[in-house]
Amino acid sequence: MPPEHTGRAADLRTPPGHPLTPAGPARAGRPGEAAHFAPSGPPAAPAGSGAAGAPPAGPAVVERPPPAPGGPAAPAGPQGGRGYRVPPSPDMGWTAAPSRRRDRVSRALLLTILLMQALLSLRLRNAVSPDEALLLNTGRQYLDRMREGTAITEADTASSYLHPMVAAAIDGLAGPAGARLFSLLCLLGATAALYSLARRLFNERVALFTAASFAVVEPTLFLGNFVSPDPPAIFMLALAGRLAARLDRSPAWHVLLVAPAAALAVLISPTAVLLLPAVVLLAVLVAGRGHGPGRSLGWGAGLVAVLGATLAAAAVGVGMPVAPDPAATGTDAPQTVLRTAASLGGLLFLLAVLGTIFYTHRDRMGEAPILPDERPSPSRAWRLALGTVLSGAALAVPGYALLQHTSADLHRQLGYGLLLAAPMAGVGIARIIGPHFRNLQLGIAAWIALLLFGMAQSERFYYEWMDYRPVADALRPLVGPQGRYLSPSPELPAYYLGSRTEREQWADPQELTYTDRRGRTFQGTAAFLAAVRERHFDIVVLGGLTAPDPRQRAAVVTGRRYYMAVEIPFSVGSRSGRYEIWVKQDTGPPARSPS
């Protein structure tokens, strides 16, 4: 075979006399270069040899030695050129190693997710709900007791002293919109902390899918525009999980940083105590990967001891609740509780279970080589334990609701469990998409399903109460600091008319207890009838989304004891109704029949 076709580097030359053949001596090469052009004539004799060199049998390639470190560069060839040098090419067109560009892109995408979450929550618009009014009234009374030493006439057993006072202070400065904005900021912080947790445990891609999943579920969107102790408690729980996720490379005393965040979450909302076992187990698993199982169990025991001491001191010393109220039971059937929980968080839980299965089977997708400084992959048992702990956290709140036979607050409290299950849901979406975004359309479909369910469900729950402001405007000229008033949802008029009345002036027909002039005590409907018969209340408000008892309305309408001052119709979604304001007969014009 001719030499020019052998494929060797030295044979890549042009024949003598070819137009591309350079004239002059051979140019020296550099290490790493594959080939150099050879001259057409014989090489020049070395200086000082005294004789001309004989022409070689074939063209020669002279290798130029590399320049010494710090010395002058090697001289160029006669033509002044340095030839061609092919740079080394990587095995892949991208790398999994950390970089500033990767960090900037990830943070930009995270900001986009947070902006989307904020807009989806702020799209919900409604007046103050009875639960919000109850919490804000309680916070006002706590603040009054601190300032003036007055007694608390109404206690919200679902929350501690902390959040009601903060919410009431913000409400006094910026109104209910400011208190709701505080909830939104807490949930945005929870999403950011959750992103950091998932990035620490997995990678940026899983972290972004985790944040995008948690940002669109119903509890996140609903609570983002609702005054409740749940948003700050969820944020503190996310912060505790983030601190636990870094224990594999932290000293032993860092485990003490997890305890204050987790304890504060419970002190803000006792519902968070249901998720403390998952946080402790997460800390033990992460610490065990970096420090061994023996030390991690000791760290877990220390964390439990600090948490227990902190909560016990708060419960005994200050009287703050550290567990959900056991008396808050209902009559819902187990099927109702399970159906409600499945409709609100079932899809994210399913993705979390898939993520646990995929992660247990294989710790990585294999689309990138293992970096030289990367730690060895965790064992399959460790991966199964981590996925079980995080995914199983979503079952804590529904399990407690089953014991209490109530599904009333699942649309808010499910956010605690979905927070910790979201990282495994992010793993599930990443594995569904596959390496190199092979099945991107499947991941997009799963996330869009989460988005649609979250938007529809949050809107349905957010419009379950009516706007009480027209009723409050009608009551304002009729009430004063000395009257006695009866109204459904009394926390609403107490909130809107707080400058003219006190909370103890308002009574609820469903929880009424009345002692008549003969000393007999009645409760419920009997108490309502006895109080109306003796004209105990100056104003009686009837109506609402639930129609009043016919006997109650008949007692107010007949007997010329009260006259109807105002009738206010309203509509909420597909439901409608009306409020009737009845004033005691001796304080106004003669009675007239309702329209």
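Here the structure is shown first, and the text comes after it.
Residues numbered from 1 in each chain as written. Predicted model: local features only at pLDDT ≥ 70, side-chain atom pairs only at ≥ 80, totals over all residues. Heavy atoms only, no water.

A. The side chain of His-411, seen in detail. With respect to the element layout, His-411 can be found in helix α13 (residues 410-433). Leaving out residues up to four positions away in the same chain, His-411 has contacts with Glu-218, Pro-219, Phe-222, Leu-344 and Phe-461. (Helix = DSSP H or I, 4+ residues; strand = E, 2+ residues; numbered from the N terminus. Contact = heavy atoms within 4.5 Å.)

B. Molecular detail of the packing of helix α7 (residues 255-268) against helix α9 (residues 293-318). Where α7 contacts α9, the two axes come as close as 9 Å, and the packing angle between them is 35°. Taken as a pair, α7 and α9 cross one another with a handedness that is right-handed. Facing α7, whose interface residues are Val-255, Leu-256, Val-258, Ala-259, Ala-262, Ala-263, Val-266 and Leu-267, α9 presents Trp-299, Leu-303, Val-306, Leu-307, Thr-310, Leu-311 and Ala-314. In the contact of α7 with α9, the residues fall into 14 nonpolar, 1 polar and no charged. (Axes fitted to C-alpha atoms, helices over the stretch in contact; angles between N-to-C directions. Left-handed = near helix turned anticlockwise from the far one by under 90°. Nonpolar A, V, L, I, M, F, W, Y, C, P; charged D, E, K, R; others polar.)

C. Structural context of the sheet that holds strand β5 (residues 539-543). As summarised here, the arrangement of the 5 strands in space is β2-β1-β5-β7-β6, forming an open sheet in which the pairing is mixed. Each edge of the sheet is formed by a strand with only one pairing partner; in this case those strands are β2 (506-507) and β6 (562-572). In this structure, strand β1 (residues 485-486) lies alongside β2, joined through 2 bridges in parallel fashion. Each bridged residue has a counterpart across the sheet, and for Tyr-485 the counterpart in β2 is Trp-506. Against the sheet, helix α18 (residues 550-557) makes contact with β5, β6 and β7 (575-584), and its axis sits at roughly 40° relative to β7, the strand it touches most. (Pairing = 2+ DSSP bridges.)

D. Structural view of unusual backbone geometry. Here the phi dihedral of His-405 falls at roughly 55°; this positive angle occurs in a residue that is not glycine. Relative to the helices and strands, His-405 is located in the loop between α12 (396-404) and α13.

E. Representation of helix α2 (residues 130-148) in the model. Taking 1.5 Å as the rise per residue, α2 with 19 residues should run 27 Å; its terminal C-alpha atoms sit 26 Å apart, in good agreement. Turning to α2, its buried residues are Glu-132, Ala-133, Leu-135, Leu-136, Asn-137, Thr-138, Gly-139, Gln-141, Tyr-142 and Leu-143. Its buried side turned inward, α2 meets α3 (162-201) and α16 (491-496). Immediately beyond the C-terminal end of α2, within one or two residues, lies Gly-149, with a positive phi of roughly 80°. (Expected span 1.5 Å × (residues − 1). Buried < 20%, exposed > 50% of the residue type's maximum accessible area, 1.4 Å probe, protein only.)

F. Highlighting the packing of helix α10 (residues 334-361) against helix α14 (residues 440-462). Packing of α10 against α14 brings their axes to within 9 Å, and their N-to-C directions diverge by 160°. With respect to their mutual orientation, α10 and α14 come out roughly antiparallel. Classified by chirality, the crossing of α14 by α10 is left-handed. Contacts from Ser-343, Leu-344, Leu-347, Leu-348 and Leu-351 of α10 reach α14 at Ala-446, Ala-449, Leu-450, Phe-453, Gln-457 and Phe-461. Counted by class, the contact of α10 with α14 contains 9 nonpolar, 2 polar and no charged residues. (Parallel < 35°, antiparallel > 145°, perpendicular 65-115°, else oblique.)

G. Representation of the environment of Gly-498 within the structure. Mapped onto the fold, Gly-498 is located in the loop between α16 and β2. Sequence-wise, Gly-498 and Pro-481 are 17 residues apart; in three dimensions their C-alpha atoms are separated by 9.9 Å. Once residues within four sequence positions are removed from consideration, Gly-498 is found in contact with Arg-140 and Pro-493.

H. Looking closely at the pairing of β5. In terms of residue burial, β5 counts as a mostly covered element, since 5 of its 5 residues are buried. Going residue by residue along β5, you find Ile-539, Val-541 and Gly-543 tucked away on one face and Val-540 and Leu-542 tucked away on the opposite face as well. As defined by bridge partners, β1 adjoins β5 across 2 bridges and the pair is classed as parallel. Following the sheet pairing, Tyr-485 is matched in β5 by Ile-539. In this structure, β5 lies alongside β7, joined through 5 bridges in antiparallel fashion. Bridging from a neighbouring strand, Val-541 pairs with Ile-581 of β7.

I. Here's a closer look at the pairing of β7. With 10 bridges joining them, β6 and β7 adopt antiparallel strand pairing. From the neighbouring strand, Ile-568 faces β7, where its bridge partner is Tyr-579.

J. Local environment of the environment of Pro-435. With respect to the helices, strands and loops of the structure, Pro-435 is situated in the loop between α13 and α14. You can call Pro-435 buried: its relative accessible area is 18%. Here the alpha-carbon distance between Pro-435 and Arg-364, two residues 71 residues apart in the chain, equals 9.5 Å.

K. Region of interest: α18. Among the residues of α18, those classed as buried are Gln-552, Ala-555 and Val-556. Around the axis of α18, the buried residues are gathered within 95° of arc, so they sit on the same side. Opposite its buried face, α18 presents the exposed residues Pro-550 and Arg-551, each directed more than 90 degrees away. In this fold, the buried residues of α18 make contact with α17 (525-533), β5, β6 and β7. Its side-chain oxygen 2.9 Å from the backbone nitrogen of Arg-551, Asp-549 forms the N-cap of α18. (Arc of directions from axis to C-beta. Polar contact = N/O pair within 3.5 Å; in protein donor to acceptor, adjacent residues only side chain to side chain.)

All quantities given are derived from atomic positions and should not be read as evidence of function.
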